[in-house]
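Okay, here's what each chain looks like letter by letter:
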Amino acid sequence: MRTGIIAKKIGMSRIFQSDGKNIPVTLLKVDQCKVIDHKIIEKDGYSALKVSYGFSKKNRINKPTMGYFKKNKYQATRLTKEFKVSEAGFIDVGQDISVSHFINGQYVDISGLTIGKGFAGGMKRHNFSGNRATHGVSISHRSHGSTGQCQDPGKVFKGKKMAGRLGNVKKTMQNLQILQTNHDDGLIIVKGSVPGPKGVYLSVRDSVKNKVEDLPYPTSSEGKVSVEDTLKTKETVKADETVKADETVKAEETIKNEADKSSSVSEKKNVETSSTEESIKWNYK
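Residues numbered from 1 in each chain as written. Predicted model: local features only at pLDDT ≥ 70, side-chain atom pairs only at ≥ 80, totals over all residues. Heavy atoms only, no water.

Moving on: the packing of aromatic side chains. All told, the structure shown has two aromatic pairs when counted by the stated rule. Note on tyrosine 53 and tyrosine 201: the rings are 5.3 Å apart at their centroids and 70° apart in plane angle, and the pair reads as edge-to-face. Taken as a pair, tyrosine 53 in strand β4 (residues 48-53) and tyrosine 201 in strand β11 (residues 201-206) lie far apart in primary sequence, 148 residues in all. Taking the relative accessible area as the measure of exposure, tyrosine 53 reaches 3% and is therefore buried. Overall, tyrosine 201 belongs to the partly exposed group, its relative accessible area being 26%. Centroid distance tyrosine 68 to phenylalanine 69: 5.5 Å. Interplanar angle 75°. Geometry classified as edge-to-face. Cation over ring: lysine 50 sits above tyrosine 68, and NZ or CZ is 4.3 Å from the ring centre. (Phe/Tyr/Trp six-rings, centres within 6.5 Å; stacked < 30°, edge-to-face > 60°. Helix = DSSP H or I, 4+ residues; strand = E, 2+ residues; numbered from the N terminus. Buried < 20%, exposed > 50% of the residue type's maximum accessible area, 1.4 Å probe, protein only. Lys NZ or Arg CZ within 6 Å of the ring centre and 35° of its normal.)

Glancing now at the pairing of strand β2 (residues 22-29). Across a regular strand the side chains alternate sides, sitting on one face of the sheet and then on the other. Judged from the eight bridges that link them, strand β1 (residues 5-16) and β2 form a sheet pairing that is antiparallel. Considered in β2, the bridge of isoleucine 15 is made with isoleucine 23. Counted between consecutive antiparallel strands, the loop separating β1 from β2 contains five residues, among which glycine 20 sits at a positive phi close to 90°. Bridge count between β2 and strand β10 (residues 187-191): five bridges; the pairing is antiparallel. Bridge pairing in β10 places valine 25 opposite lysine 191. (Pairing = 2+ DSSP bridges.)

So, on to the layout of surface pockets. There is about 380 Å³ of room inside the second largest pocket. Forming the boundary of the second largest pocket are 19 residues, of which Met1, Arg2, Asp206, Ser207 and Lys211 lie nearest the centre. Elements with a contribution of two residues or more to the lining of the second largest pocket: β5 (79-84) and β11. In the lining of the second largest pocket, the residues fall into seven nonpolar, five polar and seven charged. (1 Å grid on protein atoms, 1.4 Å probe; cavity = no way out; pocket = protein on both sides within 12 Å on 5 of 7 lines; lining within 4 Å. Points joined across faces, edges and corners; volume = space filled by probe spheres on them. Nonpolar A, V, L, I, M, F, W, Y, C, P; charged D, E, K, R; others polar.)

Let us look at the sheet that holds strand β9 (residues 170-182). Ordered by their spatial adjacency, six strands build a closed barrel running β1-β2-β10-β9-β6-β11, and the pairing between neighbours is antiparallel. Shown here is a sheet whose adjacent strand axes are inclined to one another by a mean of 50°, direction ignored. Pairing analysis gives six bridges linking strand β6 (residues 107-113) to β9, with the strands arranged antiparallel. Bridge pairing links glycine 112 to lysine 171 in β9. (Axes fitted to C-alpha atoms, helices over the stretch in contact; angles between N-to-C directions.)

Spatially, three strands are ordered β3-β4-β5 in an open sheet, and the strand pairing comes out antiparallel. Both edges of this open sheet fall to β3 (34-39) and β5, since each of them pairs with a single strand only. Averaged over all neighbouring strand pairs, the angle between strand axes comes to 25°, with direction disregarded. In terms of strand pairing, β4 meets β5 through six bridges, oriented antiparallel. Following the sheet pairing, alanine 48 is matched in β5 by lysine 84.

Most of β4 is tucked away: six of the six residues are buried. Alternating residues of β4 divide into Ala48, Lys50 and Ser52 and Leu49, Val51 and Tyr53, and every residue in both groups is buried.

Turning next to unusual backbone geometry. The linkage connecting aspartate 152 with the following residue, proline 153, adopts the cis geometry, with an omega of 10°. With respect to the secondary-structure elements, proline 153 resides in the loop between α3 (122-126) and β8 (164-166). Positioned with a positive phi, asparagine 127 is a non-glycine residue whose angle comes to about 65°. Tracing the chain through its elements places asparagine 127 in the loop between α3 and β8. In this structure, asparagine 168 is a non-glycine residue whose phi angle is positive, near 60°. Its place among the elements puts asparagine 168 in the loop between β8 and β9.

According to the stated counting rule, one finds three salt bridges in the structure shown. Of the charged contacts, one joins aspartate 206 and arginine 2 as a salt bridge, the two residues approaching to 2.8 Å between their closest N and O atoms. Placement of the pair is aspartate 206 in strand β11 and arginine 2 in the segment before β1, with a sequence separation of 204 residues. Using a relative accessible area of 16% as the deciding quantity, one classes aspartate 206 as buried. On the basis of relative accessibility, which here comes to 7%, the residue arginine 2 falls in the buried class. Measuring nitrogen to oxygen at the nearest pair gives 4.0 Å for the salt bridge that ties aspartate 37 to lysine 39. Look at aspartate 37 and you get buried, because its relative accessible area is 13%. In this structure lysine 39 comes out as buried when scored by relative accessible area, which is 16%. (Salt bridge = Lys/Arg side-chain N within 4 Å of Asp/Glu carboxyl O.)

In structure tokens form, the structure reads like this:
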């Protein structure tokens, strides 16, 4: 299982084939898509890659996010997303993922938020037919009619098709074919439409139902952090934390022993002082 990428929807266009056929397409922009973290089974319980998109200004992200990027020594990015991968699909941390990750002709699944259309009635939201536009229908031509029952059960069941907010939900378009990829401009040209308006960020991954065999895996590059390095780093951090905890326990035990010794010495001095005072009192008598 290979990783996916994050892309931005530029808009729709069309291309003409050699026979003059007009094909509607969607343009997706890939910019600074980079692997910033590994999720491994030994540490996190699952295998995944954390991928970023673009760069963000410091005043546009909150302090916890800034602390995360500062800890990992990366520049703050506009968007991050995790993609589950197999062991063979791991890519080194810090490596860029370009449009060449996909090949022309393969099929992909694209997920994103649909266009939000606000509050909509039953006819627009659920394709209801509405009431009759004839005599006897008083200002309820587009209403959805009754929604509940009588005294038993005396309520409206959850999930009832009624008026409400339309759009702005996550949708996935499956089996969309990649017609072309432009590496210079970082563009992916997909046949057909994808969810969301212009400017929405989408997740693009290999198709689940229409798989292509022997898809290329990105090769590792020099100077990057591999999965083994990530595991070693996390093990080293864990070992350092254990050593620090042991040193803290030992220091606390030493302080406690010194306190016990000082308290025993003070008690001994108090006993000697009290015995001396008693002897002086007896001699005086």
